[in-house]
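Residue-level listing of the chains:
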Amino acid sequence: LKPRRSLIARLIAAVFIRGAEAPFILRDLDDSFHHDVARGVTPAEARRRDLKNILASAGSVWAETLRLSSWRPSLIDVRLGLRGIARTPWLSLVAVCALGIGIPVGLAPMQAVDALERPLPGDPDGRIRTLCYWRDTVHEDATAGDFSLWRTSLRSFGALAAYRPTTVTLDVSQSGGAGLSVPAIETTASTFEILRTPAMLGRVIGAGDEQSGAPSVIVIGHDLWRAQFGSDRHIVGRSLLIGGAPFSIVGVMPPAFRFPTSHELWMPLRVRDDGSGPRSGAALVVFGRLADDATPDSAQAELQTLTSSLAGADVSRRSSEGAKADRLHAAVLPAWHLTFGFPSPGGLRALPEFALVQVLMLAPLFVACVNVGLLILAQISTRSSEFAVRTALGASRGRILTQVFVEFMVLAVIATGAGLLILDWMPARLLAALGITLPYWIDTGLTAATVLRGLILAAGCAVIAGVAPTVRMTGRSIVANMKRTRTSRRRNRLGGLPAALIVIDVAVAVVAIGLSGGLWAKVQATRPGESHDGIRAAEILSVTLDVPSSERQQVARAQTALIETLRGEPDVRAVTFATALPRMDHPVRLMDVDQDAAGVASAGPFKVRTARIAIDFFDALKQPVVAGRAFDSRDLTQDARTIIVNTTFAERAFGSTNVIGRRVRQATPDRASAGPWLEIVGVVGHLGVHALTPAEDDGVYLPLAEGDVNPVRLAVWVRGDPAMLAPRVHELARAVAPTAMIAMPVPLDRMFEGDWYLLRAFVVGAALLVGVLLSLAASALYAILSLVVSQRTREIGIRVALGANRWRIARDIAARAVVQIGAGVLLGLPFAGALCYEFLELRGSGSVPGAVAMASALGLSVMLLVSLAACTVPTLRALRIAPMDALRKD
Amino acid sequence: VGHLGELEQLILFAVTALGDDAYGGAIRAHIEERSGRIVSSGAINTTLGRLAERRLVSGRVGAPAPGRAGRPRKYYALTPAGARDLQKSYTAIRAMAGDVIERLDRLAEQDN
């Protein structure tokens, strides 16, 4: 048997060796292989030589095709390109619209990261750095003990400062107003030195103001000065009551200063270091300016050396079950870590999820480019005679490609300009509409880097959408092009790939609409306020209480003191605490259940959401225990192994049998290990352990005593608006537990945490994506139909002249679009329904059929409306074609 | 008249040597056998295309052969213009080489 050439080699040759000379080259490749075999080369060696020959040949062919000498653009190319745009205004408009939507969407993630990771004002080189601790992916603030040590020991910093945020209530009744809640910070005087910002009026906080016993002074922000004090230029020296105590205003800051985020009032920090060393004392945010001879790396190395003993001695103060004893390490990080709790020291850019988001956001642009490219391909086929003539007159292929590239580069640059304007205009409005306040130093406007990225994308778009179709079209010989031009007058060349793309466009749009419809339904179902969980969320203030101490007794004392003090407040109905409150993220665990009396074990393990709760938790939130009992002091003893389950878990794991006295234990997925058995002592109803899917809110509760866990979430049930109590909580915490840190005092109905927060983000993202995809599908459909009409002008004219019914002609034209839309809708609907059903975890929820039906109906109706709108204009154009126009065109 | 590159010269010599049987595969084999240099089929064909544009060679398409996907060979022949250019190139090289060949040999041997 004669050796044969490998299939892969022949495939590569067929795919990559193109052009007029390809048949002869392919024949020569074949000859060369057989020549090698004939002269005694082994079959394996002959195949290797064949593959090498093919690859080198492909390289030579493409190098010849794209000879650089042919690619020098000239002004004539630009002129021809502009003329080409003017000749096809509708196509140009569609291309600009599609790319004008896709480009800002593609640029948005990087633009957002640029904005969020920007240096502070007055620090263009990023010399201001924050000092904090990291444990795994969790950022932890420094403490007064750390600050005291670092300030005296670190030589890498010219100055170090510390602050802690708070909220104060100004008594502005002297000026006719009521109590005003103002975000403030208590800060060291060095903050203003590091930020190099002088006061606009008076002075900033001085070192003397930090001393105990010094007069109480404050510096106020420009907006507060203007709004509450009528821009009184003699304000310095005036006294102001804060929480009933007088403070003297010593300065007013300039308008652009709201450090660290959007703060309007600055007070001296008077936290005493109790001398117990690092990781002790009040939690503080620490930052500094690097010394002239220091770099971020040298500062990091110095801090690491200083704190290395901590890592060994550190014992995780998070005693909650499952918490890992990760090594604690101190870090010197860019200043944007002051404000954002990024889950990585490297910021958002370092997260793998960011790359995924970036790719997803570039997808619409790629779809846009391919859409436009196919339209260009369809349109360019009408220019094949032009290219053939130009080639015959001596224009090289490179010159024609250059002209097309210039033509589409102009389009892409126009689209990029429009896209950049949108990107400059929209973020600030969007954030304002969503009620999100960014730190004062963040500017969502365009940066030079974004403009540069936009131009690179524009060049990429011009290549994909313009040059690639032209390469395909100009690949044929002059004769073939001329033949094609002649035959094209007789039959419609559209269909095939563009039609398939329209079907896919419509299908993707239907899926996106269906998905966002389902998400919207889900958000509506879990909207705060009237809720399925029975908690009066609008009356409950959630507060995170963090006591920076590894001493259990110290943590317990601080937690008890604040809880008892809050209970004594007149407007407070009840106070309780837990590791997670209703509507928050509850950690997920696997649970096994014991055998019943007949020795039958339930299937499992079961996925449940867990929380550790104070023994008065259900009583404080007025939630009845439907079977058994609530926790009491017996459950806090070391030997007690008790648990309370909710009705969903009880029914799923035990069916209709009595669960009191039955046992459960924590398990691993492979059941290789398990925790101790815990006896079920009570059953409660739904308390919102799974805000998204109430039907899957299997939950269990474990008892929790003061000091067991740090930090904890306090639930403060108040009369009236819980937000009004937030400043008071800060004041009480300062009074009874000075080292404690109060964070995120938010009414429970505004708790944007965990799944629900993600869902909202998904809805916003999906809505944007739907808009982009709808626009693309509509523009592609419109352009294809327009081209169909323009190509059939002669035929339509003759049919009209022969007395054909105009509506029948219109029906013929629209039929094609209807078929494509229908195919797209039919293709997309099952996916939309399946996504709603599976992805949104709607199984078992009472709203499943409704949500899926609504999503499907929405997808169908929106797509039909858009498609019909896209069909209308071209169809009307077809109806207006007069026989004489058709003949004149021919 | 432009200059001839090294590969162009090799191809033109091969076309001359092969006479009526000068097609891509044969030219490639001839160059490899005589000079030891391996040139891809693509490079030979594109170079021949360029030489044909400059009218230094003329091409004719042969009859499609059965069993080779019906692909024909393309045969090339040297034109008078091609012969003149090749002659000039070879003369120039011979003139440049002249009496330096011996020195060249000695220098090359020194390396060894």
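1. A word on the overall build of chain A
- Tallying secondary structure elements over chain A gives 24 helices and 23 strands in all.
- Within the span of chain A, comprising 890 residues, buried residues form 49% of the whole.
- Pairs at least 24 apart in sequence give 80% of the contacts found in chain A among residues at least 6 apart.
- For chain A, the exposed surface amounts to about 40100 Å²; the carbon and sulfur share of it is 61%.

2. Details of the overall build of chain B
- What chain B contains, in helices and strands, is five helices and two strands.
- Counting from the amino terminus, chain B carries its helices and strands in the arrangement α-α-α-β-β-α-α.
- The contacts in chain B between residues at least 6 apart in sequence include a share of 53% that link residues at least 24 apart.
- Here chain B displays about 6800 Å² of accessible surface, and carbon together with sulfur accounts for 52% of that area.

3. Re the nonpolar core
Residues and elements named next belong to chain A.
- Ranked by size, the top nonpolar core spans 30 residues in total, and within it L120, F257, F259, W266, F287 and L338 carry the most contacts.
- For this core, the secondary-structure elements that each account for two or more residues are α5 (89–116), β4 (157–171), α7 (190–195), β7 (217–220) and β11 (283–290).
- In this view, F259 contacts L120, Y163, I185, T191, L195, W266, F287, L338 and Y440; residues no more than four positions away in its chain are not counted.
- Core analysis: the second largest hydrophobic core is formed by 26 residues, L541, V543, L566 and F577 among them.

4. Things to note about a nonpolar patch on the surface
Residue and element names in this part refer to chain A.
- Nonpolar side chains collect at one region of the surface, where V413, L446, V451 and L455 lie side by side and expose about 260 Å² of accessible area between them.
- Mapped onto the fold, V451 is located in helix α13 (residues 448–473).
- Using a relative accessible area of 31% as the deciding quantity, one classes V451 as partly exposed.

5. Comments concerning the interface of chain A and chain B
- With 22 residues of chain A at the interface, the matching set in chain B holds 24 residues.
- Roughly 2000 Å² of surface becomes buried between chain A and chain B when both sides are summed, with 48% attributable to carbon and sulfur atoms.
- When residues of chain A are sorted by the area they lose upon contact with chain B, F24, R27 and D28 of chain A head the list and together hold 31% of the total.
- Applying the counting rule to chain A against chain B returns four salt bridges.
- Among the ionic pairs, D31 of chain A bridges to R73 of chain B, the shortest N-O distance being 2.9 Å.
- The dominant element in the side of chain A that touches chain B, judged by the number of residues it contributes, is helix α2 (residues 22–38) of chain A, at 12 residues.
- Along the lines of polarity and charge, the residues of the side of chain A that touches chain B split into seven nonpolar, six polar and nine charged.

6. A look at a negative patch on the surface
Residue and element names in this part refer to chain B.
- A cluster of acidic residues, D99, E102, D105 and E109, forms a negative patch on the protein surface.
- Secondary-structure assignment places D99 in the loop between α4 (80–97) and α5 (101–111).
- In this structure D99 comes out as exposed when scored by relative accessible area, which is 68%.

7. Quick word on helix α8 (residues 222–229) of chain A
All names here are of chain A.
- When α8 is considered as a whole, its buried residues turn out to be H222, L224, W225 and F229. All buried residues of α8 project into a common sector of 165 degrees when viewed along the axis, lining one side.
- Remark: G230 follows α8 within two positions and exhibits a positive phi of approximately 55 degrees.

8. Some details on the pattern of salt bridges
Residue and element names in this part refer to chain A.
- Per the counting criterion, the structure on display carries 31 salt bridges over all chains.
- With its nearest N and O atoms 2.8 Å apart, the salt bridge here joins E45 to R48. Of this pair, E45 and R48 both sit in helix α3 (residues 43–65), separated by three residues, roughly a single helical turn.
- Taking the relative accessible area as the measure of exposure, R48 reaches 44% and is therefore partly exposed.
- The residue D708 makes a salt bridge to R612 at a minimum N-O spacing of 3.7 Å. Taken together, the positions of D708 in the loop between β21 (699–704) and β22 (712–718) and R612 in strand β16 (residues 606–614) put the pair 96 residues apart, joining distant regions of the chain. Across the pair, exposure class does not vary: D708 and R612 are buried alike.

9. Structural notes on the environment of A726 of chain A
- For A726 of chain A, the location among the structural elements is in helix α19 (residues 726–736).
- When neighbours within four sequence positions are excluded, A726 of chain A is seen to be in contact with L541 and P745 of chain A.

10. Quick look at α4 of chain B
Residue and element names in this part refer to chain B.
- With 18 residues, α4 ought to run about 26 Å at 1.5 Å a step, and its terminal C-alpha atoms sit 25 Å apart, in line with that.
- Among all positions in α4, only G82, D85, L86 and S89 are buried. In an axial view of α4, the angular spread of the buried residues amounts to 95 degrees, which keeps them on one side of the axis. Across from the buried face of α4, at angles greater than 90 degrees, the exposed residues are P80, Q87, K88, R94 and A95.
- Buried-residue contacts for α4 involve α1 (6–18) and β2 (74–78).
- G98 occupies a position one or two residues after α4 and carries a positive phi of about 35 degrees.

11. Description of the pairing of β16 of chain A
Residues and elements named next belong to chain A.
- Within β16, eight of the nine residues are buried, which leaves it mostly tucked inside the rest of the structure.
- Pairing between strand β15 (residues 588–593) and β16: four bridges, direction antiparallel. Note on β16: the bridge partner recorded for M591 is F606.
- Inspection of the sheet shows β16 paired to β21 by six bridges, in the parallel sense. Looking at β21, one finds that T610 is bridged to V700.

12. Some thoughts on empty space enclosed by the protein
Residue and element names in this part refer to chain A.
- Within the structure shown, the criterion is met by six cavities of 30 Å³ or more.
- Lining the largest cavity we find R164, P165, T166, E186, A283, H730, A733, R734, A737, A740, M741 and I742.
- Those elements that provide at least two residues to the lining of the largest cavity are β4, α19 and β23 (741–747).
- Of the residues contributing to the lining of the largest cavity, the split by class is seven nonpolar, two polar and three charged.

13. Comments concerning the packing of helix α16 (residues 552–567) of chain A against α19 of chain A
Residues and elements named next belong to chain A.
- At a closest axis distance of 10 Å, the pairing of α16 and α19 adopts a crossing angle of 130 degrees. Looking at the two axes, α16 sits oblique to α19. Note on packing geometry: the crossing formed by α16 with α19 is right-handed. Within the contact between the two elements, α16 uses A561, L562, T565 and L566 and α19 uses V729, L732, A733 and V736.
- In terms of residue class, the contact of α16 with α19 is made up of seven nonpolar, one polar and no charged.

14. Considering the packing of aromatic side chains
- All told, the structure shown has 15 aromatic pairs over all chains when counted by the stated rule.
- Each ring, one from F257 of chain A and one from W266 of chain A, has its centre 5.3 Å from the other, and the planes form 50 degrees; the classification is tilted.
- You can call W266 of chain A buried: its relative accessible area is 0%.
- Ring geometry for Y23 of chain B against Y75 of chain B: centres 5.6 Å apart, planes inclined by 75 degrees, an arrangement best described as edge-to-face. Residue Y23 of chain B is found in the loop between α1 and α2 (24–35), and its partner Y75 of chain B is found in strand β2; the two are separated by 52 residues along the sequence.

15. A word on the confidence of the model for chain A
- With 75% of its residues at a pLDDT of 70 or more, chain A has an overall mean of 77.
- Segment residues 314–326 of chain A: pLDDT under 50, and 33 contacts once partners within four positions in sequence are set aside and those in other chains are kept.

Each value, and the rule that gives it
Residues numbered from 1 in each chain as written. Chains lettered and ligands numbered in written order. Predicted model: local features only at pLDDT ≥ 70, side-chain atom pairs only at ≥ 80, totals over all residues. Heavy atoms only, no water. Helix = DSSP H or I, 4+ residues; strand = E, 2+ residues; numbered from the N terminus. Buried < 20%, exposed > 50% of the residue type's maximum accessible area, 1.4 Å probe, protein only. Contact = heavy atoms within 4.5 Å. Areas by Shrake-Rupley, 256 points an atom, 1.4 Å probe, with all protein chains shown as cover. Core = buried A, V, L, I, M, F, W, Y, C linked by side-chain atoms within 4.5 Å. Patch = residues over 30% accessible without salt bridge, like charges linked within 9 Å, V, L, I, M, F, W, Y side chains within 5 Å. Salt bridge = Lys/Arg side-chain N within 4 Å of Asp/Glu carboxyl O. Buried area = accessible area lost by both parts, 1.4 Å probe. Nonpolar A, V, L, I, M, F, W, Y, C, P; charged D, E, K, R; others polar. Lys, Arg positive; Asp, Glu negative; His and termini not counted. Charge placed at Lys NZ, Arg CZ, Asp CG, Glu CD. Arc of directions from axis to C-beta. Expected span 1.5 Å × (residues − 1). Pairing = 2+ DSSP bridges. 1 Å grid on protein atoms, 1.4 Å probe; cavity = no way out; pocket = protein on both sides within 12 Å on 5 of 7 lines; lining within 4 Å. Points joined across faces, edges and corners; volume = space filled by probe spheres on them. Axes fitted to C-alpha atoms, helices over the stretch in contact; angles between N-to-C directions. Parallel < 35°, antiparallel > 145°, perpendicular 65-115°, else oblique. Left-handed = near helix turned anticlockwise from the far one by under 90°. Phe/Tyr/Trp six-rings, centres within 6.5 Å; stacked < 30°, edge-to-face > 60°. pLDDT = per-residue confidence, 0-100.

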